[in-house]
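# Reading the structure
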Amino acid sequence: MFLEVDHLAVSFATRRGKVAAVRDVRFSLAKGETLGIVGESGSGKSVSAYAIMQILDRGGQLESGRIQFDGMELNRYTNREMRDIRGREISMVFQNPRAALNPIRKVGHQIEDVLRRHARTSASGAKSAAIEAMRAVHINQPEKRYHSYPFELSGGMSQRIVIALALACDPRLLIADEPTTGLDVTTQKVVMDLIAELTRSRGMSSILITHDLGLAARYCDRIVVMKSGEVVETGTPDGLFHAPANAYTKRLIRATPRGGIGIGDLVDPPRQAPQRPAIGAPLLQVRDLRKTFGKGVNTVTAVDAVSFDIHAGESLGLVGESGCGKSTTSSMIMRLADPTSGEILLDGRSLTDTPASRFARDPRRTSLQMVFQDALASLNPRFTARQSIADPIRRLTRENADGRTEELAGQVGLPVELLDRFPHQLSGGQNARVGIARALASRPRLLILDEPTAALDVSIQAIVLNLLADLRADLGITYLFVSHDLHVVRLLCDRILVMKKGRIVEEGDAQRVMSNPTHEYTRTLLDAVPSLPNLKI
Amino acid sequence: MADRQSVAPPIAPARTRRLLGHAVYVIGDNPITAIAFALFALIIGVAVFGPLLIPFDPLETNASRALMPPSLDNWFGTDNLGRDLFSRVIIATRLDLMISVAAVALAFVVGAAMGSAAGYWGGWIDIVTGRLIDTIMAFPLFVLAMGIVAALGNTVENIIYATAIINLPFYARVARAEVRIRRDSGFVQAARLSGNSDLRILALHIFPNTLPPMMVQISLNMGWAILNAAGLSFIGLGVRPPTPEWGIMVAEGANFVVSGEWWLAFFPGLALMITVFAFNLLGDGLRDIVDPRQRT
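For the structure given in this document, a descriptive report is provided here. Only a predicted model underlies this, so the values are computations on that prediction, with no experimental measurement involved.

### Examining the sheet that holds strand β13 (residues 315–319) of chain A
Residue and element names in this part refer to chain A. Strand order in this open sheet of six strands is β16-β17-β18-β13-β19-β20, and the pairing throughout is mixed. Looking along the sheet, the strands with just one partner apiece sit at the ends: β16 (368–371) and β20 (503–509). Across the sheet, the axes of successive neighbouring strands diverge by a mean angle of 20°, strand direction being ignored. Both β13 and strand β18 (residues 478–483) contribute to a ladder of five bridges, which runs parallel. Bridge pairing links Gly-317 to Phe-481 in β18.

Below you can see the structure in the form of structure tokens.
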């Protein structure tokens, strides 16, 4: 075998002694093969890959195990010897391309650095070699881009530079650690297709580390499923997804949103989807909403003549990629920002009459609330869960804060004893529940859900989505669900709006938009999402 | 506020215990921090209990015992008027510490308020405070302090004001930067949606989160403020003889170093050095304690 990892165990020294990060991990990789390592956060998938490269974080230690790479026993190599391996034999593509690039050096020079470190080029030939490497990752006008700084490039372009860096010295193994997390779905497709094409044409082997089963299914020859530092199952995508042997693999597949299933099918055991509330009169009306930033020639139109209605009890999905204006739209509806022109009406009365800066004291503040994208960042690090939930109760209502807080905790399924913990002491799912409880505190009629599950693992996402469906059935709340993921939106929403460059390009019934999109952009979005085949398990 | 406190009690003990446990861990990890905390405790102890510790009256002169080198009776020797140096160094601790604590507290309160407002609202508030701070920073700071004391008059209060003014820009800048990075963060937006006014958001949501870096700044600044107060006294501004104060004592003793009576300047200088050293080390230790990355 080209790469063989056997009995790998890595531990980290922490204050409470050694903590095992991975135990007895074994997998192998043939020449030219693409291996997917799949698992949720904390499953040890990244640590396993870092152990191969010997780039563990401070305190991390290889406890035991054999890492054999093309006849070399890497686990016996010293750091000095590994330096010749890294970049030349094995290289890596990291999750956040912006963080992986030096912000104050031109990208061309950064590629030159790698080439010269491994003596692939002379000082005089470095520039042309770097440009060649950029051309290989399909960067337009590489001579011009050579002089760019990372901040001048988009996320997808930066990731291409990182790939160019990784492939500059023709390594034989490429490790990609969540290479497309944080990128838009269409960019994700471009980047993943590029990695697949380059590794195939150069006969390289690759390891793709991802939390996304769909991505692994589409791009990998074989998949290793990890959980809590151990390998639970290995197999080909077809075998694994159609006949998963392990209970955890089954649960993971079940929780992944895919075509042809309902929201209740995500959880184990499957359940009946909760009732959707009856749809009533228009609750919120958005009329010709426009928002521009900047002045004169530098004017950027973020939201351009957007109009739509949300009816009471309805769930509307607002879908688009980053920069399409969906967040700007939602913050204007939330009255955190003022529109440049246009009107927002609640129950037929204008909301935009009160400027955003004075809306905190408007009695209608209670009616509009929001669940934020990153639950952890949306909670004050110095507030306990109880304080966070009680804050809107004290500010906006006359209810008894303590009693109401515990009632809300019960509604969102947060154990009362966790209420006195701080955000960093709670898990991602628990923080999401705190965020939802806080948003519900003032008994809002419209709740904006701004990618509430984007930062969560799929199994937690499944639970949170079901919680949101339950709350809607119990409280009859109207949702505006903002997301980049059509498959997630479909599960919760009756109607979908697709936004692109500040405009709504498609609007319609959720099932219809998914099965029969009329706008080409919607089709592109749907195609780009790597989804699992329609499975029934 | 009352209902807020009703929530607090069950949390507070656990929180204090956790912080203590964390502090013990950091100190154990880095013995230098332990030394800093020990020195800090010693300095505070000397400042509080100073009058009980001294063997002689620090102001009592005795011409027959002038310029005696350190001995068992006079541990640090005596000065040109026969006063016991040990007693004077001990008594001076309280005054020096008081000046610097008051100055730093004043600088912190005013600077943090200015910086927070500038960071949160931006616009003209930012421009006005920014230019004000630039103006202060444009002067050589010690010369500015000299000028302030010379203009306002030679009193302890004026030394405090002068020291506070020259330290103010540091707090204003740290506060502005720390508030600014949190101004549009998720939890601030959430607080806005919860019906909090701007002032409440700034005071109760953002400002407490900026305290850890400010604490470090305070500790590092303390040493500097002490040095500054002593420096002003050294050149004859501020505290006047015969009040025991380290700066004056060093200034007075400096004349005698040439003729071999080194102890006059040495011991107050040593006290000054140890104090500044302790506060600087404490700053490093505090940074480790408040740094969340150390909390794993």
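More follows now that the structure is in view.
### Here we look at the packing of helix α7 (residues 155–167) of chain A against helix α8 (residues 185–201) of chain A
All names here are of chain A. Two numbers describe how α7 lies on α8: the axes approach to 10 Å, and their chain directions differ by 15°. Judged by the inter-axis angle, α7 sits roughly parallel to α8. Note that α7 runs across α8; the crossing there is right-handed. Contact with α7, carried on its side by Gly-156, Gln-159, Arg-160, Ile-163 and Leu-167, involves Thr-187, Val-190, Val-191, Leu-194, Ile-195 and Leu-198 of α8 and no other residues of that element. Tallied by class, residues from the contact of α7 with α8 come to seven nonpolar, three polar and one charged.

### Some words on the packing of helix α9 (residues 198–234) of chain B against helix α10 (residues 246–257) of chain B
Residues and elements named next belong to chain B. Across the interface, α9 lies against α10 with an axial gap of 7 Å and an inter-helix angle of 45°. It follows from the interaxial angle that α9 and α10 lie oblique. Here the hand of the crossing between α9 and α10 comes out right-handed. Taken together, the residues of α10 that come into contact with α9 (itself represented by Ile-226, Ala-230, Ser-233 and Phe-234) are Trp-246, Gly-247, Ile-248, Val-250 and Ala-251. Of the residues that constitute the contact of α9 with α10, the class distribution is seven nonpolar, two polar and no charged.

### Overview of helix α14 (residues 401–411) of chain A
All names here are of chain A. Turning to α14, its buried residues number three or more, namely Ala-401, Arg-404, Thr-405, Leu-408 and Ala-409. Projected down its long axis, α14 carries its buried residues within an arc of 140°, all on one side. Where α14 is buried, its residues touch α13 (385–396) and α15 (428–440). For α14, the capping residue at the N-terminal end is Asn-400, with a side-chain oxygen 3.1 Å from the backbone nitrogen of Asp-402. Following α14 by one or two positions, Gly-413 adopts a phi angle in the positive range, close to 70°.

### Some thoughts on the pattern of salt bridges
Residue and element names in this part refer to chain A. Considering all chains together, one arrives at 40 salt bridges over all chains under this definition. We note a salt bridge from Asp-347 to Arg-445, for which the minimum N-O separation is 2.7 Å. With a gap of 98 residues between them, Asp-347 in the loop between β14 (341–346) and β15 (349–350) and Arg-445 in the loop between α15 and β17 (446–450) connect regions that are remote in the sequence. On the accessibility criterion, Asp-347 (42% relative accessible area) is partly exposed. Overlapping salt bridges bring together Glu-399, Arg-404, Glu-407 and Arg-443 as one network.

### Describing the environment of A:His138
Residue and element names in this part refer to chain A. With respect to the element layout, His-138 can be found in the loop between α5 (126–136) and α6 (142–145). Taking C-alpha positions, His-138 is 14 Å from Ser-201, a pair spaced 63 residues apart along the chain. Apart from the residues within four sequence positions on either side, His-138 is in contact with Arg-160, Leu-194 and Glu-197.

### Notes on the nonpolar core
By size, the foremost hydrophobic cluster in this structure holds 108 residues, and its most contacted members are A:Ile111, A:Ile163, A:Ile436 and A:Leu492. Inspection of this core shows a minimum of three residues originating in each of domain 1 (3–266) and domain 2 (315–339 + 356–528) of chain A. B:Leu39, B:Leu97, B:Ala107 and B:Met249 belong to the second-largest nonpolar core, a separate cluster that totals 38 residues.

What counts and how
- Residues numbered from 1 in each chain as written.
- Chains lettered and ligands numbered in written order.
- Predicted model: local features only at pLDDT ≥ 70, side-chain atom pairs only at ≥ 80, totals over all residues.
- Heavy atoms only, no water.
- Pairing = 2+ DSSP bridges.
- Helix = DSSP H or I, 4+ residues; strand = E, 2+ residues; numbered from the N terminus.
- Axes fitted to C-alpha atoms, helices over the stretch in contact; angles between N-to-C directions.
- Parallel < 35°, antiparallel > 145°, perpendicular 65-115°, else oblique.
- Left-handed = near helix turned anticlockwise from the far one by under 90°.
- Contact = heavy atoms within 4.5 Å.
- Nonpolar A, V, L, I, M, F, W, Y, C, P; charged D, E, K, R; others polar.
- Buried < 20%, exposed > 50% of the residue type's maximum accessible area, 1.4 Å probe, protein only.
- Arc of directions from axis to C-beta.
- Polar contact = N/O pair within 3.5 Å; in protein donor to acceptor, adjacent residues only side chain to side chain.
- Salt bridge = Lys/Arg side-chain N within 4 Å of Asp/Glu carboxyl O.
- Core = buried A, V, L, I, M, F, W, Y, C linked by side-chain atoms within 4.5 Å.
- Domains from an automatic or database assignment.

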